[in-house]
Amino acid sequence: GAVVSQHPSRVICKSGTSVKIECRSLDFQATTMFWYRQFPKQSLMLMATSNEGSKATYEQGVEKDKFLINHASLTLSTLTVTSAHPEDSSFYICSARVGGSTEAFFGQGTRLTVV
Amino acid sequence: AQRVTQPEKLLSVFKGAPVELKCNYSYSGSPELFWYVQYSRQRLQLLLRHISRESIKGFTADLNKGETSFHLKKPFAQEEDSAMYYCALSGHNQGGKLIFGQGTELSVKP
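As the structure is a computational prediction, the values presented were derived from the model and not from experiment. (Residues numbered from 1 in each chain as written. Chains lettered and ligands numbered in written order. Predicted model: local features only at pLDDT ≥ 70, side-chain atom pairs only at ≥ 80, totals over all residues. Heavy atoms only, no water.)

Bringing the side chain of A:Asp88 into the picture now. Relative to the helices and strands, A:Asp88 resides in the loop between β8 (76-81) and β9 (90-97). When sequence neighbours within four positions are dropped, the list of residues in contact with A:Asp88 reads A:Arg37, A:Lys66, A:Phe67, A:Val81, A:Ser83, A:Leu112 and A:Val114. (Helix = DSSP H or I, 4+ residues; strand = E, 2+ residues; numbered from the N terminus. Contact = heavy atoms within 4.5 Å.)

So, on to the pattern of salt bridges. Scanning all chains against the criterion turns up 7 salt bridges over all chains. Of the charged contacts in the structure, one is a salt bridge between A:Glu59 and B:Lys97, with a shortest N-O distance of 3.0 Å. Pair noted here: A:Glu59 is in the loop between β6 (57-58) and β7 (67-73) and B:Lys97 is in the loop between β9 (83-90) and β10 (99-100), and the two residues belong to different chains. The same class applies to A:Glu59 and to B:Lys97, which are both buried. A salt bridge links B:Lys22 to B:Glu20; its shortest N-O distance comes to 3.1 Å. Among the residues examined, B:Glu20 registers a relative accessible area of 28% and is labelled partly exposed. (Salt bridge = Lys/Arg side-chain N within 4 Å of Asp/Glu carboxyl O. Buried < 20%, exposed > 50% of the residue type's maximum accessible area, 1.4 Å probe, protein only.)

Each partner contributes residues to the interface: chain B has 19 residues there, and chain A has 20 residues. Between chain B and chain A, roughly 1,600 Å² of surface is buried when both sides are summed, and carbon and sulfur atoms account for 49% of that area. When the area that chain B buries against chain A is broken down by residue, the three leading residues are B:Arg43, B:Lys97 and B:Phe100, summing to 32%. Here chain B is connected to chain A by 2 salt bridges. Connecting chain B to chain A are 7 residue pairs in polar contact (both at pLDDT 80 or more). Of all the elements in the fold, those that place two or more residues in the side of chain B that touches chain A are β5 (32-38) and β6 (45-49) of chain B. (Buried area = accessible area lost by both parts, 1.4 Å probe. Polar contact = N/O pair within 3.5 Å; in protein donor to acceptor, adjacent residues only side chain to side chain.)

Our next topic: the sheet that holds strand β3 (residues 19-25) of chain A. Residue and element names in this part refer to chain A. Spatially, the 4 strands line up as an open sheet ordered β1-β3-β8-β7, and their pairing is antiparallel. The open sheet is flanked by β1 (4-7) and β7, the only strands paired with a single partner. In this sheet, neighbouring strand axes are inclined to one another by 15° on average, regardless of whether the strands run parallel or antiparallel. As defined by bridge partners, β7 adjoins β8 across 5 bridges and the pair is classed as antiparallel. Each bridged residue has a counterpart across the sheet, and for Phe 67 the counterpart in β8 is Val 81. (Pairing = 2+ DSSP bridges. Axes fitted to C-alpha atoms, helices over the stretch in contact; angles between N-to-C directions.)

Looking now at the environment of B:Tyr85. All names here are of chain B. Mapped onto the elements, Tyr 85 comes out in strand β9. By relative accessible area, which is 0% here, Tyr 85 ends up buried. Remark: the alpha-carbon pair of Tyr 85 and Leu 11, spanning 74 residues in sequence, is separated by 10 Å. Setting aside residues up to four positions removed in sequence, Tyr 85 forms contacts with Gln 6, Leu 21, Trp 35, Tyr 36, Val 37, Leu 47, Phe 59, Leu 72, Gly 103, Thr 104 and Leu 106.

For the coordinates displayed, the defined rule picks out 10 aromatic pairs over all chains. On the basis of an interplanar angle of 90° and a centroid distance of 6.2 Å, the ring pair of B:Tyr86 and B:Phe100 is categorised as edge-to-face. You can see B:Tyr86 sitting in strand β9 and its partner B:Phe100 sitting in strand β10, a full 14 residues away along the chain. We classify B:Phe100 as buried; its relative accessible area is 7%. An aromatic cluster of at least three residues, connected via ring pairs, comprises A:Tyr36, A:Phe106, B:Phe34, B:Tyr36, B:Tyr86 and B:Phe100. (Phe/Tyr/Trp six-rings, centres within 6.5 Å; stacked < 30°, edge-to-face > 60°.)

The structure is reproduced here in structure tokens:
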């Protein structure tokens, strides 16, 4: 099956710094990837749709200058949390679809802790 | 507005008992509905989708457009079914993005 890999799995950063999370499709090309945020014991909230070669589409209420998304190739999308604050601490998950399929494959997630 | 509602945060049953995880949705068009499962310490994975009309690991789900529901059912729960279950919706022409319900934790006791 299709594999989506996120790196790092866990990251701790100081308040005010930026952190980059990578999402890679290992065995398929993904023109579209999705970034979600999950709070403990809560649902996944869609943050943005990452489109290869073009600007990301952000959901309402998500600060695009705060959460920078770059999708420079068909196998890699990155999410950069800029000037991180403790309230940005969360579990970030990416997903990608294979071709025209409606099935989404998810990364293992990245636990971000801002101290 | 698009919305997926899972009314139960936690569902606890004994092994061998029937299970029904509820999911209701709100969408103006014809959505595609999914159930995703997340086992402990594992990533989210697709369990089943309404267009497939298949049974996976003994689970089935029928889309009821009149009641706007997509409940997940299994006649005899197993301990290995214990996990978080998420109902999700994908709208037509929305590029595949998913709207998730709040999730239901299923706990199957021996």
